[in-house]
Amino acid sequence: MSNSIAEAISRVQAEIRAAQQRGSHAAAEVTLIAVSKTKPQEMVAEALAAGQLHFGENKVQEMVTKQAAFPQASWHMIGHLQTNKAAKAVDAACLIHSLDRPELALELEKRAAARSRLLPVLVQVNLAKEDSKSGIYEEELPDFLDLLAGLPHLQVQGLMTIGPAVDDAEEARPLFARLRELRDREDGKRGMRLHHLSMGMSGDYQVAIEEGATLVRVGSAIFGARNYNV
Ligand SMILES: *Cc1c(COP(=O)(O)O)cnc(C)c1O
């Protein structure tokens, strides 16, 4: 038991390297974000001891608590962010992956400005147009980036998407490729360097890496299945 998280991390790292070698669109550098949502601090400590530095959370309060316990780690906000929790997220997150609407952008700008901080963000794109997912539609992306270009305390570093729920990860490949195409199309416009593509989870991170992911968000493949009833 005590080695299982460390073993899982090295297994995932090996899969990441293999996918980088396979994929013609693969990025030279891929960062593994260990998604520790719902998991206890002992598991975070175990991952840290195994050399894992980046962690992802989808609830602000849980991220704030874990960030305070493990300030040496980098904490990524990957979940839907309520506007009234934006200030806390600005304080605890190294990168917000889930910027998905104008009101949130304006609130984050205000909070980052008040702290004289430059806040790194990714724009979440809802490529599958699933009602259950947040994110802006790709048709809205240029206008949304225009808005963000006018907010001096937000540093847009790239795009994020959540793949569709499919049995075969190959079915998600066209969406991952599409996010890369959107990134390439918008990169360099408006003075924005859109380097990052945050895409890929436990079920599909290898395919996402082959299509150019620079950040993968892997939870259950590292920490085991989540139990939301406890
Ligand atoms: C929970 C979550 C993940 C990790 O999911 P796994 O399937 O456990 O790897 C990745 N991204 C987001 C946005 C999540 O909410």
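It should be emphasised that the depicted structure is a prediction, and the values quoted were computed from it without experimental measurement.

Undergrad: In this structure, what is going on with the site of the ligand? I would like to understand it.
TA: Residues in close proximity to the ligand include Val 35, Lys 37, Ile 78, Ile 162, Met 201, Ser 202, Arg 217, Val 218, Gly 219, Ser 220 and Arg 226, which together make up its full environment. The contact in question runs from an oxygen atom of the ligand to an N or O atom on the side chain of Lys 37, over 2.7 Å. Measuring from a nitrogen atom of the ligand, one finds a side-chain N or O atom of Arg 217 at 2.9 Å. Coverage of the ligand by the protein amounts to 89% of the 390 Å² it exposes when considered alone. When grouped by side-chain class, the residues that make up the shell around the ligand number five nonpolar, three polar and three charged.

Undergrad: Looking at this structure, I do not really get the packing of helix 6 (residues 141-149) against helix 7 (residues 173-186). What am I missing?
TA: The axes of two packed helices give the description: the angle between them and the distance between them. Relative orientation of the contacting elements helix 6 and helix 7 amounts to 50°, with a least axis distance of 12 Å. With respect to their mutual orientation, helix 6 and helix 7 come out oblique. In the crossing of helix 6 with helix 7, the sense of the turn from one axis to the other is right-handed. Only Leu 182, Arg 185 and Glu 186 of helix 7 make contact with helix 6, whose side of the interface consists of Leu 141, Pro 142 and Leu 145. Of the residues contributing to the contact of helix 6 with helix 7, the split by class is four nonpolar, no polar and two charged.

Undergrad: Explain the nonpolar core here, please?
TA: The nonpolar side chains of soluble globular proteins are, as a tendency, buried together. Ranked by size, the top nonpolar core spans 65 residues in total, and within it Leu 108, Val 123 and Leu 148 carry the most contacts. The greatest single-element share of this core, amounting to five residues, is contributed by helix 1 (residues 4-22). Ile 33, Leu 122, Met 160 and Leu 215 belong to the second largest nonpolar core, which has five residues in total.

Undergrad: How should the pattern of salt bridges be read in this particular structure?
TA: Where charged atoms from two side chains of opposite charge come close, those side chains can pair. Tallying each qualifying case throughout the model produces 21 salt bridges. Residue Glu 103 pairs with Arg 101 through a salt bridge whose shortest N-O separation is 3.9 Å. A relative accessible area of 46% means that Glu 103 is categorised as partly exposed. Glu 107 serves as the salt-bridge partner of Lys 110, at 3.7 Å between the closest nitrogen and oxygen. Of this pair, Lys 110 and Glu 107 both sit in helix 5 (residues 102-114), three residues apart, roughly one helical turn. Connected via shared salt-bridge partners are Arg 22, Glu 170, Arg 173, Arg 180, Glu 210 and Glu 211.

Undergrad: I keep staring at helix 3 (residues 60-69) and nothing clicks. Help me out?
TA: Every α-helix carries 3.6 residues per turn, so stepping three or four residues along brings you back to the same face. Regarding helix 3, the residues found buried are Val 60, Met 63 and Lys 66. Along helix 3, the residues classed as buried sweep out an arc of 135° about the axis, all on the same side. Among the structural elements, helix 2 (41-49), strand 2 (54-57), strand 3 (74-77) and helix 4 (86-92) are those in contact with the buried residues of helix 3.

Calculation notes
Residues numbered from 1 in each chain as written. Predicted model: local features only at pLDDT ≥ 70, side-chain atom pairs only at ≥ 80, totals over all residues. Heavy atoms only, no water. Near = heavy atom within 4 Å. Polar contact = N/O pair within 3.5 Å; in protein donor to acceptor, adjacent residues only side chain to side chain. Areas by Shrake-Rupley, 256 points an atom, 1.4 Å probe, with all protein chains shown as cover. Nonpolar A, V, L, I, M, F, W, Y, C, P; charged D, E, K, R; others polar. Axes fitted to C-alpha atoms, helices over the stretch in contact; angles between N-to-C directions. Helix = DSSP H or I, 4+ residues; strand = E, 2+ residues; numbered from the N terminus. Parallel < 35°, antiparallel > 145°, perpendicular 65-115°, else oblique. Left-handed = near helix turned anticlockwise from the far one by under 90°. Contact = heavy atoms within 4.5 Å. Core = buried A, V, L, I, M, F, W, Y, C linked by side-chain atoms within 4.5 Å. Buried < 20%, exposed > 50% of the residue type's maximum accessible area, 1.4 Å probe, protein only. Salt bridge = Lys/Arg side-chain N within 4 Å of Asp/Glu carboxyl O. Arc of directions from axis to C-beta.

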